[in-house]
Amino acid sequence: MCGIVGYVGRAEDDSALDVLMEGLARLEYRGYDSAGVALVTGDHTSTRKKSGKLANLRAELEADPLPPSTTGIGHTRWATHGGPTDENAHPHRGGADGKLALIHNGIIENFHSLKRGLLAQGTVFTSETDTEVVAHLLAAAYDEHHDLTEAMRVVVADLEGAFTLLAIHADQPGVVVGARRNSPLVVGLGADANYLGSDVAAFIGYTRQALELDQDQIVTITADGVTVMGFDGAPAEGKAFEVTWDAAAAEKGGYATFMEKEIHDQPHAVADTLLGRTDADGRLTLDEMDITEHQLREIDRIIVVACGTAAYAGLVAKYAIEHWTRIPVEVALAHEFRYCDPIVNDRTLVVSISQSGETMDTLMAVKHARLLGALTISVCNTHGATIPRESDAVLYTHAGPEIAVASTKAFLAQITACYVLGLYLAQLRGGSFADDAQSVMKQLGEVPGKIETLLGRMDRVKEIAGFMADTRSVLFLGRHVGYPVAMEGALKLKELAYIHAEGFAAGELKHGPIALIEPGQPVFVIVPSPSSEHGLHGKVVSNIQEIRARGARTIVIAEEGDEAVEAFADEVIRVPVTAPLLAPLLTVVPLQVFALWLSTAKGLDVDQPRNLAKSVTVE
Ligand code: M6R
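Parameters at a glance
- Residues numbered from 1 in each chain as written.
- Predicted model: local features only at pLDDT ≥ 70, side-chain atom pairs only at ≥ 80, totals over all residues.
- Heavy atoms only, no water.
- Buried < 20%, exposed > 50% of the residue type's maximum accessible area, 1.4 Å probe, protein only.
- Helix = DSSP H or I, 4+ residues; strand = E, 2+ residues; numbered from the N terminus.
- Pairing = 2+ DSSP bridges.
- Right-handed = clockwise from strand over helix to strand, strands pointing away.
- Domains from an automatic or database assignment.
- Contact = heavy atoms within 4.5 Å.
- Buried area = accessible area lost by both parts, 1.4 Å probe.
- Salt bridge = Lys/Arg side-chain N within 4 Å of Asp/Glu carboxyl O.
- Nonpolar A, V, L, I, M, F, W, Y, C, P; charged D, E, K, R; others polar.
- Axes fitted to C-alpha atoms, helices over the stretch in contact; angles between N-to-C directions.
- Parallel < 35°, antiparallel > 145°, perpendicular 65-115°, else oblique.
- Left-handed = near helix turned anticlockwise from the far one by under 90°.
- Near = heavy atom within 4 Å.
- Polar contact = N/O pair within 3.5 Å; in protein donor to acceptor, adjacent residues only side chain to side chain.
- Areas by Shrake-Rupley, 256 points an atom, 1.4 Å probe, with all protein chains shown as cover.

Some remarks on the pairing of strand β16 (residues 301-306)
With respect to burial, β16 is a largely interior element, six of its six residues being buried. Judged by which residues are buried, β16 turns out to be covered on both faces: R301, I303 and V305 on one side and I302, V304 and A306 on the other are all buried. Where β16 and strand β17 (residues 329-333) come together, five bridges link them in parallel fashion. Bridged to A306 within β17 is L333. After leaving β16, the chain enters helix α9 (residues 308-325) and then returns to the sheet as β17, a path that is right-handed.

This is how it looks when you write it as structure tokens:
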């Protein structure tokens, strides 16, 4: 979950530090407990690194500037091995001569045994990291081979785990060498310079031309060229692509926080995820799907694997996919999946959902599912990320970069993509809902406009959040697709406002949670549409009455025109009318907005809440 950037410019270009710092600023969302840079400066490498946010590194560079350079590497860290200290911050030096510097994302699983070997040879360590072990191994391999690419090839052969590594060596100025296994690395192709990054945000300010690398590949960049080879030394080529995200999309677009911007991106996130999914006759097509139609017709079970918000998207999707396809859908937290002896075979479709595509728990679940013979589809927002590359097929969400740690637009895009998948399966398998696919797609197409309308009415939600800065606990109730929305609302509040929050199925209230209700307890209730089946609407309205009678302060999210809730609601937040299964795409929005403004009212860091990182690449 670290951010990595590498740069090489021409001899007359000494802007390496500026490029690295800009890349790190855009990558800070990937991890932010420390940051550092290393440059090739004459006959050695020079580093500056500092624990804390990037601002600390900036201050350090002002106090102790680095000489100009054409070549360097930069890193933002989220600690795994060794606490977030200056010493453990990357880059790490290898060897005794200070010529080699290395940065790393991931975990070297066998670092203890490698370190024991180095200690026996008298190597002195200055940090507790697994990275420094690799730095020393690489320095030793360089001394033997006098070539950084070859040294990298030799060293990666001894490493176990997941890693992206970038290295520079003072004896090879004008070169950065990278390697990746189960961890992201992309190449940016400039006119007079080349770049490496954990994702395209690292270099989007400079170039849109990029190369996707495969697993187990080493890349060497100079100002004039890029060469790629496998860990076995065989020449290889990256896959070229053009970055369609513009630079502004990676910034705040005029909002005070990325989260606020991303909440407002949601109409586009849904609309873009629906783009290109129907052919001229209005029939659903999934171009990115490599699994055969025959295989998809044969599946008899779907398991969704995901974590956090992505898992709640899966829970929403379960209702819709089961309804449309009559295929049983299970949702497993990815970190539990492997350990519950899952019942999986070649007729099981495992759908992973991940914004980053790098969540290690989800990646491991996908790998386990494949091992057991399942078909795997990745619903992912990040092109070229590890999880889609490890899956049989991919359904990309097109939410654009999500930088705030709290997931918002990715959630809506994930639900949308899963719905497209469900409708596609329904159409393919020809059940009773096959003919409905087109009309549901049409209804989905109307959702972005409805989100836009809803976003225009969030002033009252902001005010309510403003009054509630001292609140210690908030409960959320929902039913059917509103139940995962309630849990998502609670998750948003926990991670952003650091207060106790819980989401319940409204029907469960009477089985225990109603004991929590005391005078003044704020409770958000997500009310199903009056058009919902099985009288669900009336049942939830009764739940509102029950908690109101016990003193709860009820904040009710209800459809326009639903007058039945008025009498029992302290506040009513109206959402546009839509089909009951599509309602989560609307009802979650006020909950996101509430969490955003409650966090703001408490003076907290909305985009980078404490203890969390955007992309959790360790198990
Ligand atoms: O990148 P992913 O979608 O795989 O991330 C999964 C979760 O870590 C993520 O949704 C997390 O729960 C968010 N912080 C929630 O806002």
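Side note on the domain arrangement of the protein chain
Domain annotation of the protein chain identifies domain 1 (3-248), domain 2 (252-454) and domain 3 (459-601). For domain 2 versus domain 3, the separation of C-alpha centres amounts to 25 Å. The interface of domain 2 with domain 3 comprises 31 residues on the first partner and 29 residues on the second. When the two sides are added together, the surface that domain 2 and domain 3 hide from each other amounts to roughly 2,500 Å², 77% of it contributed by carbon and sulfur. Among the residues domain 2 hides against domain 3, the three largest losses belong to Y312, Y319 and L454. Together they make up 26% of the total. Counting across the domain 2 and domain 3 interface gives zero salt bridges. Looking at the side of domain 2 that touches domain 3, the elements with two or more residues in it are α6 (258-264), α9, α13 (409-429) and α14 (437-455). Looking at the side of domain 2 that touches domain 3 element by element, the count peaks at nine residues for α9. In terms of residue class, the side of domain 2 that touches domain 3 is made up of 19 nonpolar, ten polar and two charged.

Some details on the packing of helix α15 (residues 459-467) against helix α18 (residues 584-601)
Contact pair α15 / α18: the axes reach a minimum separation of 8 Å and the direction vectors enclose 40°. It follows that α15 is oblique to α18 by the angle criterion. As for how α15 packs across α18, the hand of that crossing is right-handed. Between α15 and α18, the contacting residues are V461, K462, I464, A465 and G466 on the first element and P590, V593, F594, W597, L598 and A601 on the second.

Details of the sheet that holds strand β13 (residues 226-230)
Pairing between sheet strands relies on hydrogen bonds along the backbone, with the strands arranged either parallel or antiparallel. What the seven strands build is an open sheet, ordered β5-β6-β7-β8-β12-β13-β14; its pairing is antiparallel. The open sheet has two free edges, formed respectively by β5 (92-94) and β14 (235-236), since each of these has just one partner strand. As paired elements, β5 and strand β6 (residues 100-108) share three bridges and run antiparallel to each other. Bridge assignment links G94 to a residue of β6, and that residue is L100. Relative to the sheet, helix α5 (residues 148-156) contacts β6, β7 (161-169), β8 (176-181), β12 (217-221) and β13, its axis offset from that of β7 by approximately 155°.

Side note on the sheet that holds strand β18 (residues 348-354)
Judged by pairing direction, the sheet is parallel, and its five strands sit side by side in the order β17-β16-β18-β19-β20 without closing on themselves. A strand with exactly one partner marks an edge of an open sheet, and here the two such strands are β17 and β20 (393-396). Taken over all neighbouring pairs, the strand axes of this sheet differ in orientation by 20° on average, direction set aside. Note: strand β19 (residues 375-380) against β20, four bridges, orientation parallel. In the strand pairing of β20, V379 is matched with L395. Set on the sheet, α9 makes contact with β16, β17 and β18; between it and β17 the angle comes to about 175°.

Digging into the site of the ligand
The immediate surroundings of the ligand are formed by 14 residues, with S354, Q355, S356, T359 and E495 found nearest. A distance of 2.6 Å separates an oxygen atom of the ligand from a polar atom in the side chain of S356. Within the backbone of S407, one N or O atom sits 2.8 Å away from an oxygen atom of the ligand. Compared with its free state, where it exposes 420 Å², the ligand has 90% of that area covered by protein. If you list the elements that add at least two residues to the shell around the ligand, you get α9 and α16 (482-497). Residue contributions to the shell around the ligand peak at three residues, all from α9. A per-class count over the shell around the ligand returns four nonpolar, eight polar and two charged.

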